[in-house]
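Each chain, written out:
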Amino acid sequence: MSAIEGHRIPTIPRGVRLHEDKVRGMWVLLAPERTITLDPIGLAILTALDGQRSFEDVVTGLAAQYDAPVDQVRADVADFVTGLADRRILELV
């Protein structure tokens, strides 16, 4: 896992969007020529990304919302965000 600087802003780029698949009862991330099925943790992370809040703000918000240790949440969010950024599905600005 590569460290993400706390001030970076994870952003869902144009052409990528969250979609509720009501037929299957699940959320997916739709990207050009890709569909990624989301588990509850992935959905929580992606819904916290508003294009305004920094990585560190997202981490502390999720840690407070789920009453979880900040360091654990930071590692989980960093892994998730880095994985999607490496696949060009998320941007870090």
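Notes on the structure in this doc start here.

Thresholds, definitions, all that
Residues numbered from 1 in each chain as written. Predicted model: local features only at pLDDT ≥ 70, side-chain atom pairs only at ≥ 80, totals over all residues. Heavy atoms only, no water. Helix = DSSP H or I, 4+ residues; strand = E, 2+ residues; numbered from the N terminus. Rg over C-alpha atoms; globule rule 2.2 N^0.38 Å. Core = buried A, V, L, I, M, F, W, Y, C linked by side-chain atoms within 4.5 Å. Buried < 20%, exposed > 50% of the residue type's maximum accessible area, 1.4 Å probe, protein only. Axes fitted to C-alpha atoms, helices over the stretch in contact; angles between N-to-C directions. Parallel < 35°, antiparallel > 145°, perpendicular 65-115°, else oblique. Left-handed = near helix turned anticlockwise from the far one by under 90°. Contact = heavy atoms within 4.5 Å. Nonpolar A, V, L, I, M, F, W, Y, C, P; charged D, E, K, R; others polar. Polar contact = N/O pair within 3.5 Å; in protein donor to acceptor, adjacent residues only side chain to side chain. Salt bridge = Lys/Arg side-chain N within 4 Å of Asp/Glu carboxyl O. Expected span 1.5 Å × (residues − 1). Arc of directions from axis to C-beta.

1. Details of the overall build of the protein chain
And then number 1: Tallying secondary structure elements over the protein chain gives 3 helices and 5 strands in all.
And then number 2: Counting from the amino terminus, helix and strand elements in the protein chain follow one another as β-β-β-β-α-α-α-β.
And then number 3: Against the globule reference of 12 Å for 93 residues, the protein chain gives a C-alpha radius of gyration of 13 Å, in line with a compact fold.
And then number 4: Structurally, the protein chain occupies a C-alpha span of about 35 × 25 × 25 Å along its principal axes.

2. Considering the nonpolar core
And then number 1: With 23 residues, the main nonpolar core has L29, L46, L62, V77, L84 and I89 as its most contacted residues.
And then number 2: At the level of elements, β3 (26-31), α1 (40-48), α2 (55-66) and α3 (70-86) are the ones that each hand at least two residues to this core.

3. Some points on the packing of α2 against α3
And then number 1: As a packed pair, α2 and α3 sit with axes 9 Å apart at the nearest point and diverge in direction by 125°. If you check the angle between α2 and α3, you find them oblique. In the packing of α2 onto α3, the handedness of the crossing is right-handed. Along the contact surface, α2 presents F55, E56, V59, L62 and A63, while α3 presents V70, V73, R74, V77 and A78.
And then number 2: Its residues placed into classes, the contact of α2 with α3 shows 8 nonpolar, no polar and 2 charged.

4. Re α1
And then number 1: Turning to α1, its buried residues are G42, A44, I45, L46 and A48.
And then number 2: Against β2 (17-21), β3, α2 and α3 lie the buried residues of α1.
And then number 3: N-cap assignment for α1: the residue whose side-chain oxygen lies 3.2 Å from the backbone N of I41 is D39.

5. Quick word on the pattern of salt bridges
And then number 1: All chains considered together, the criterion is met by 4 salt bridges.
And then number 2: Between D21 and R24 there is a salt bridge, with its nearest N and O atoms 2.7 Å apart.
And then number 3: Judged by its relative accessible area of 61%, R24 is exposed.
And then number 4: The partner of R53 in a salt bridge is D50, with the nearest N and O atoms 3.9 Å apart.
And then number 5: Overall, D50 belongs to the partly exposed group, its relative accessible area being 44%.
And then number 6: Three or more residues joined by partner-sharing salt bridges are found here, namely E56, D71 and R74.

6. A closer look at α2
And then number 1: Here α2 is 12 residues long and its end C-alpha atoms lie 17 Å apart, about the 16 Å a rise of 1.5 Å per residue gives.
And then number 2: Among the residues making up α2, those that are buried are F55, V58, V59, L62 and A63. Projected onto a plane normal to the axis of α2, the buried residues spread over an arc of 130° and lie on a single side. Exposed residues on α2 whose side chains face more than 90 degrees from its buried face are A64 and Q65.

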